[in-house]
Amino acid sequence: SDVMKVPPRDPKEKILNSREWRAIAGWSMIIGVCVLGAFTLGLQWLGLPERSAVTISFLTLGFGKLWFVFNLRERGSKLLKNDVVQNPWIWGSFTVCTAALLGALYVPGLAAVLKTEPPSSQGWSIILGFSLVPAVIGQILRALQNRCRS
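The sections below set out a description of the structure shown in this document. Because the structure is a prediction, the values reported are computed rather than measured. (Residues numbered from 1 in each chain as written. Predicted model: local features only at pLDDT ≥ 70, side-chain atom pairs only at ≥ 80, totals over all residues. Heavy atoms only, no water.)

### A short note on the overall build of the protein
Here is step 1 of the chain: When its secondary structure is counted, the protein shows five helices and zero strands.
Here is step 2 of the chain: Starting at the N terminus and walking to the C terminus, you meet the elements of the protein as α-α-α-α-α.
Here is step 3 of the chain: For the protein, the spread of C-alpha atoms along the three principal axes comes to 55 × 30 × 30 Å.
Here is step 4 of the chain: Within the span of the protein, comprising 150 residues, buried residues form 31% of the whole.
Here is step 5 of the chain: Counted over contacts in the protein with a minimum sequence separation of 6, partners at least 24 positions apart contribute 66%. (Helix = DSSP H or I, 4+ residues; strand = E, 2+ residues; numbered from the N terminus. Buried < 20%, exposed > 50% of the residue type's maximum accessible area, 1.4 Å probe, protein only. Contact = heavy atoms within 4.5 Å.)

So this is what it looks like as structure tokens:
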């Protein structure tokens, strides 16, 4: 809401600074570990065939990136009252992307082309658990940032 009150950045300034590159690398590693963890649990814990474990890891990545959008709120904003949560376009795109991910499982022609298989309830538990990890970490970090600023 205060974006117009902030002076423009120096045109010579890099688009992404070293802090932002470190954040990108860190989040990439966290999401990567979650996807690989979901894949490994699908194979080892559930004893699933590789195709099913790949589906679980694919959905973990997809839903993980969807949940991650809630980490993109401004510093100092509240968990449930911020520009991201109140943006109807975010919710619309969230709904469309969720429908696309579910379509990759349950639309017969699409599922055959993508070689996906609907997960069991245990598979969905893995997907939900691992896909939420980056969002939960992000919310904890944002809360700590907000507390330090106060």
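### Things to note about the side chain of N82
Here is step 1 of the chain: By the secondary structure assignment, N82 is in the loop between α2 (50-68) and α3 (88-106).
Here is step 2 of the chain: In this structure the side chain of N82 is engaged in a polar contact, spanning 2.9 Å, whose partner is the backbone nitrogen of V84.
Here is step 3 of the chain: Of note is the side chain of N82, whose polar atom sits 2.9 Å from the backbone nitrogen of V85. (Polar contact = N/O pair within 3.5 Å; in protein donor to acceptor, adjacent residues only side chain to side chain.)

### With respect to the packing of aromatic side chains
Here is step 1 of the chain: Counting across every chain of the model gives six aromatic pairs.
Here is step 2 of the chain: Ring centres of W67 and F94 lie 5.4 Å apart, and the angle between their planes is 50 degrees; this geometry places the pair in the tilted category. In this pair, W67 sits in helix α2 while F94 sits in helix α3, placing the two residues 27 residues apart along the sequence.
Here is step 3 of the chain: Looking at W67, the relative accessible area reads 23%, which means it is partly exposed.
Here is step 4 of the chain: Site record: aromatic cluster; members linked through ring pairs are W67, F70, W91 and F94.
Here is step 5 of the chain: The ring of F68 has K65 lying over it, and the distance from NZ or CZ to the ring centre is 5.2 Å. (Phe/Tyr/Trp six-rings, centres within 6.5 Å; stacked < 30°, edge-to-face > 60°. Lys NZ or Arg CZ within 6 Å of the ring centre and 35° of its normal.)

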